[in-house]
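Each chain is listed here by its residues.
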Amino acid sequence: MRTTCIAFLVGALAVVPSIGGGIVEPETTVPLIQDVDVLVIGGTCGAVAAAEGAAQSGAKVFLATPGLCLGEDVAGTLRVWAEPDEIGSSDLMGRLFAPAGQEVAPATSRIYTTPLRVKKALDTTLLKAGVRFLTGAYATDVLSDASGLPAGAVLCDRSGRQAVRAKVIIDATARGRLARLAGAEFTPFPGGAYSVSRVVIAGSAPECGGTVTRHDEWRPDKDVVQLSSKTTITPGLYECVFPLPFADGGPRAFAEAEQAARDRTFTATQLDAADRVCFIPPDHVKSASPCAKERATADELNLGALRPAGIGGVYVLGPLADVPRPLAAELARPGFAIRVGARLGRQAAADAKSRTITGEIRRAGREGHGAAADVREVRGTLTQPFVAATGTIPCEARELPVLDEVDVIVAGGGTTGAPAAIGATRHGLRTVVVEQLHELGGVQTAGMICGYYYGNRRGFTTEIDEGVAATGKVKSQSKAEWYRRTIREGKGSIWFGSMVVGAWLEGTRLRGVIVATPDGTRGVIRAKAVIDASGNADVAAAAGEPTEFYHPEELIGQGVGMAVIRLGAGGHNNDFALIDDTDASDLCFFGLRTRLMTEGGWDVSQLVNSRERRRLVGVFQVSALDYLTARTFPDTIIQHRSRFDLHGSPSHDFFYTKNIRTANHVTLEANGPYRSLLPKTTDGLLVVGLGMSATRDAMAIMRMQPDLQNQGYAAACAVQLALARGCELRDIPVRELQRQLVDKGILPESVLGEEDSYPLPDAVLKLASHDVMMGYGGLPFLFADPQRAKPLLLAKYEELSTHSSGRDPEVSLIYAHVLAMLGDPVGVDELIAWVATHGWDDKWPADSGARVNRMESYVLALGRAGSTKAVPAILAKGQELCDGKKSVSASRCRALGLASVTLGDPALAGMLASLLDQPGIAGHAIRLADPIPPVPGYDSRSNYSQQEKMEVAREVNLAAALYRLGDHDGKARAILDAYAEDPRGFCANYARRILLDPAGRGTSPR
Ligand SMILES: Cc1cc2nc3c(=O)[nH]c(=O)nc-3n(C[C@H](O)[C@H](O)[C@H](O)COP(=O)(O)OP(=O)(O)OC[C@H]3O[C@@H](n4cnc5c(N)ncnc54)[C@H](O)[C@@H]3O)c2cc1C
């Protein structure tokens, strides 16, 4: 039997009151990234078929979708089935349902697929058709040409905003916002209750208050289910149909409906659930050629019904077509939508041929009330493969709608944000959580990192754990649900599929954030305070606060992955790439690449699991040396606890001086001061989670889930204190906050009496300058205050000669080494002598399993000391690696590259060029083409591979070092040029920085 979800009006509801006057956004410009014939907005199967159809007809096509992957109509709704007659309706339909490498046989009963198979089939379709596409991009505005006709759209994403010039727009989104902005008329959306359907995969039927149908024919492959020994669930696919109230057709009403649907369909044995409800809207576009027939085949449907009356160059694709609602329900099914989409794509290509865009294009303004406000947004970049046009497009001043007004906005409802939102609602604050995904919990739920690793499991974390255990059997699901339910119980609002994309300030005070909603509305949420829990300091960066991500000296990063989801799995850790989370194209490409190289499993997560992201440089920046010296603060609000879990190379020279193997295996505690959440100038903002103000080395200890959960809760307490006292967040009585956190069990009582243990007492530094001779004891203290440490070390170094038993060469070498690392050349002769007479593999005395190799450390130190006397020794050491007998390892290249750059002698360039000539060192840049090369060593079960990360960093860093020394026959330039066009934004953006500013090593301390 064919199931469709036909809307029916159950009863009228009041319309949501208007929130008040808009905010006038000043005029600006956005970069033009594409100039195409056809722009498709949305990632449905029909949208992809339209893009393919247009491309096959010779049109230049670009597709952008707010979703983080394609296939929202099938993978996003989990309506992963097709009727027998649908399967053979198109090649694409066959591919959506065919297991890898197989053809779909003609079926006599319903046939099922997986979300991953659907996404991969759509990805591959666009790749093969040569259609570039960008996920996570909201189309928020229409561009118009000199004659006022639609001429493209403005996109809004992690990289800021970009313009796409297009002769024809196909709006395949659920609400047709671009078509509306272009002037299309729609029938009204009467407030009322409408029938929706939501699919849940669970061990028992949800009680949704409507009808629940179990799909008995659905039999998941063994590989898509992975229940633990403790969990016994027989997965069933349940289709729940029930009425839901919609206040109107606006984004708030849809956000609330999505929550209400989850309220009604969660069950304790849930293994997965749809991102979106399936809903046939009551409203539709008004066309000049409406279709009156309730039934028609996809080939019979008059395409005029998709074209808004009186507007050229725009189509809607999907249930918003001007067709009777039963036929609209057909348009929501993939088989029908693909055939209509393909026809529409061909039509759009033909239309584009006869259309000329006249004059300059711009985003027209809208009437504003009053003066322009201080609206800010991030301006990032996209990698070259996603940018095929140049220039900028003017955007006139216009009014942004105010979408809501609350006490607190939590930007990002992940590991830290969801607890922050709960904390805020518990304090009675009107709270809204804006979350890009369709569930809460971030890395720990959507990212499938469901288990703790260290962290202090106390305070609010204990409450979370008890709540989650009582909510359901599968942690990824029950944690997301417990967060959601608890926020709802506290009357908080949750906006899924929505992204915070900017900040609205008055002077230095943040008044609210700019949000893009799933339908493409770009508006303002006013708030008294904002907790930036994006894990990427998105709000802080938009507000103009200083942030950091790339290390100025080298391409260095902490491992990133993406989880493969198997139903019921307890988690899936991963680390196989390096990503720049501020680059929308990097995130898009990484998702695409991961899906394409993943065989098996139910799905691939929509969240990029990055350990290291853009971080605030706030009032106080926590460093690794703070916790290595057990620094206390007067404003500690969290005690973070972990082993040194960096997943990559550290960056501070401390870690390249001392063998940190011990530190690597010891559990360390880091005090987290409240000031590390505070931006330098913006008021009304706290930055939590991975975006907080801490160095990348410090994050290895600070980022554990139990601690970030408590941190989110603590941030909410701080907001409540500030609002209750009417003071700025930076002026709250911190001891009072600490007292609350002690009472909550988050902090021990002892912190209440603590003060800053810095500046370090003279006696401590003196002791450290002595202890360093014994296996580098006390080293963190010396590195923590190098200005005061250096004279003490120099005195000790001098003293060695006066020792009764003579100068101990090993001890002398230690002082020479540490002083060199701190920039003092006093002992370089000793170091040069050692380097000249020892091999790359020589070990530290009495030390096994060192993390940093002795020769590498000395080579680096010779560079840091800055004495040109070291050049011949470094040259000789590098040339030793070019004889083919020794491993040209990444860490050796790192030491040679960094030392060469800091010494700055062009005589070293030839040696670096020779290293790049060694087998396997160069040639690792890739292109965005079909097929996309998989990550070497990637395995969708274990999901760990270090090879590509190492190869790319080694090649880029050697090339960057060579380029900074003036290059050698254009070798470095050629390599950096190749990487600048690489779709992997992390290396492309770094290569571009070096090419633009080779000397720009920045000033950031190590
Ligand atoms: C692969 C991996 C393995 C790990 N393993 C462990 C482990 O075993 N145990 C452990 O304790 N810790 C582990 N960690 C560390 C820990 O999981 C993370 O440090 C932590 O989850 C980060 O929390 P967060 O709140 O900063 O970010 P997230 O959990 O990612 O939350 C950020 C949320 O904000 C949303 N968002 C981002 N930008 C916006 C925006 N502009 N608008 C709206 N929404 C937005 C995102 O969708 C996301 O939901 C691991 C981390 C990774 C990446």
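Residues numbered from 1 in each chain as written. Predicted model: local features only at pLDDT ≥ 70, side-chain atom pairs only at ≥ 80, totals over all residues. Heavy atoms only, no water.

## Looking at the site of the ligand
Heads up, the condition is: Proximity criterion: a residue is near a molecule or strand once any of its heavy atoms comes within 4 Å of it. Pairing of N or O atoms within 3.5 Å defines a polar contact, subject to two protein rules: one partner must be a possible hydrogen donor and the other a possible acceptor, and residues neighboring in sequence count only if both atoms are side-chain atoms. Note that accessible areas follow from Shrake-Rupley with a 1.4 Å probe, and for residues the cover is restricted to the protein chains shown.
Taken together, 37 residues sit near the ligand, with R158, T415, T416, E435 and R703 positioned nearest. At 2.7 Å from an oxygen atom of the ligand is found a side-chain nitrogen or oxygen belonging to T415. Contacts to the ligand include D538, whose side-chain N or O atom sits 2.7 Å from a nitrogen atom. Surface burial for the ligand is 97%, taken as the share of its 990 Å² of free accessible area covered by protein chains.

## Section: the sheet that holds strand 12 (residues 236–246)
Defined as follows: Two strands qualify as a pair provided that DSSP identifies no fewer than 2 bridges between them. A run of H or I in DSSP becomes a helix once it reaches four residues, and a run of E becomes a strand once it reaches two; helices and strands are each numbered from the N terminus. Here an angle of 0 to 180 degrees is reported between the N-to-C directions of two axes, which are lines fitted to C-alpha atoms, with helices fitted over the stretch in contact.
Across the sheet, four strands lie side by side as 11-12-10-13; this open sheet has antiparallel pairing. Looking at strand neighbours, the two that pair on one side only are strand 11 (211–214) and strand 13 (270–273), the edges of this open sheet. In this sheet, neighbouring strand axes are inclined to one another by 30 degrees on average, regardless of whether the strands run parallel or antiparallel.

## Describing the packing of aromatic side chains
Our working definition: Aromatic contacts are taken between Phe, Tyr and Trp rings whose centres are within 6.5 Å, Trp giving its six-membered ring; a plane angle under 30 degrees counts as stacked, one over 60 as edge-to-face, and the others as tilted. Type-normalised accessible area, obtained with a 1.4 Å probe on protein chains alone, sets the label of each residue: buried when under 20%, exposed when over 50%, and partly exposed for intermediate values. Criterion for a charge above a ring: Arg CZ or Lys NZ at most 6 Å from the ring centre, at most 35 degrees from the ring normal.
Under the defined criterion, the tally for this structure stands at 25 aromatic pairs. Consider the rings of F549 and Y550, whose centres lie 5.0 Å apart with planes at 75 degrees: the pair is edge-to-face. In terms of burial, F549 and Y550 fall into one category: buried. Aromatic ring contacts, followed pair by pair, group F189, Y194, F246, F254 and F279 into a single cluster. Taking the ring centre of Y797 as reference, the NZ or CZ of R807 above it sits at 4.5 Å. Above the face of the Y656 ring, R894 is positioned so that its terminal group lies 3.7 Å from the ring centre.

## Quick notes on unusual backbone geometry
Cis geometry marks the peptide bond from Y758 to P759; its omega dihedral reads -5 degrees. Structurally, the position occupied by P759 is in the loop between helix 19 (734–743) and helix 20 (762–771). For the bond running from D930 to P931, omega is 0 degrees, close enough to zero to count as cis. Assignment of secondary structure puts P931 in the loop between helix 28 (909–917) and helix 29 (947–964).

## Overview of the pairing of strand 30 (residues 636–642)
For strand 30, the tally of buried residues reaches six of seven residues, placing the bulk of the element in the interior. Two strands pair when backbone bridges link them, and strand 30 and strand 31 (residues 668–673) are joined in this way by six bridges, in the antiparallel orientation. Across the sheet, the residue bridging to T636 is P673, located in strand 31.

## Looking at the state of the cysteines
Formally: Any two cysteine sulfur atoms within 2.5 Å of one another count as a disulfide.
Here the structure, examined in full by the defined rule, presents zero disulfides. Free of any disulfide, C156 has its nearest cysteine sulfur in C395, 11 Å distant. On the accessibility criterion, C156 (1% relative accessible area) is buried. Free of any disulfide, C717 has its nearest neighbouring cysteine sulfur in C727, separated by 14 Å. By relative accessible area, C717 is classed as buried at 2%.

## So, the nonpolar core
Selection criterion: Each nonpolar core is a collection of buried residues, namely Ala, Val, Leu, Ile, Met, Phe, Trp, Tyr and Cys, held together in the definition by side-chain atoms within 4.5 Å. Throughout, a contact is declared for two residues whenever any of their heavy atoms are within 4.5 Å.
Counting 150 residues, the largest nonpolar core has Y627, Y674, L686, L737, V772, L793 and I874 as its most contacted members. A total of 10 residues in this core trace back to one element, the largest contributor, which is helix 18 (residues 705–725). Y627 has contacts with F644, L668, E669, A670, D697, A698 and I701, leaving out every residue within four places of it along the chain.

## Some points on the pattern of salt bridges
Where we set the bar: Between Lys or Arg on one side and Asp or Glu on the other, a salt bridge is scored when a side-chain nitrogen of the former is within 4 Å of a carboxyl oxygen of the latter.
The tally for this structure, following the rule as stated, stands at 75 salt bridges. E728 serves as the salt-bridge partner of R509, at 2.5 Å between the closest nitrogen and oxygen. Placement of the pair is R509 in strand 22 (residues 509–516) and E728 in the loop between helix 18 and helix 19, with a sequence separation of 219 residues. R509 sits in the buried class, given a relative accessible area of 16%. Using a relative accessible area of 22% as the deciding quantity, one classes E728 as partly exposed. The shortest N-O distance in the salt bridge between R725 and E736 comes to 2.5 Å. Here the residue R725 occupies a position in helix 18, and E736 occupies one in helix 19, the gap between them amounting to 11 residues. Through salt bridges with shared partners, a single ionic network connects E25, D141, R161, R363, E377, R398 and R522.

## Observations regarding the environment of A716
Tracing the backbone shows A716 in helix 18. Since its relative accessible area comes to 0%, A716 is described here as buried. As a C-alpha pair, A716 and L126 span 590 residues in sequence and 44 Å in three-dimensional space. For A716, the contacting residues outside a window of four places in its chain are A420, G423, A424, H427 and I531.

## Considerations on the packing of helix 23 (residues 809–821) against helix 24 (residues 828–837)
As a reminder, the rule being used: Convention used here: angles under 35 degrees read as roughly parallel, angles over 145 as roughly antiparallel, angles from 65 to 115 as roughly perpendicular, and any remaining angle as oblique. Classification used: nonpolar for Ala, Val, Leu, Ile, Met, Phe, Trp, Tyr, Cys and Pro, charged for Asp, Glu, Lys and Arg, polar for all others including Gly.
For the pair helix 23 and helix 24, the least separation of the axes is 8 Å and the interaxial angle reads 110 degrees. As far as their axial angle goes, helix 24 and helix 23 are roughly perpendicular. Within the contact between the two elements, helix 23 uses P809, S812, L813, A816, H817 and A820 and helix 24 uses E830, L831 and W834. When its residues are assigned to classes, the contact of helix 23 with helix 24 shows six nonpolar, two polar and one charged.

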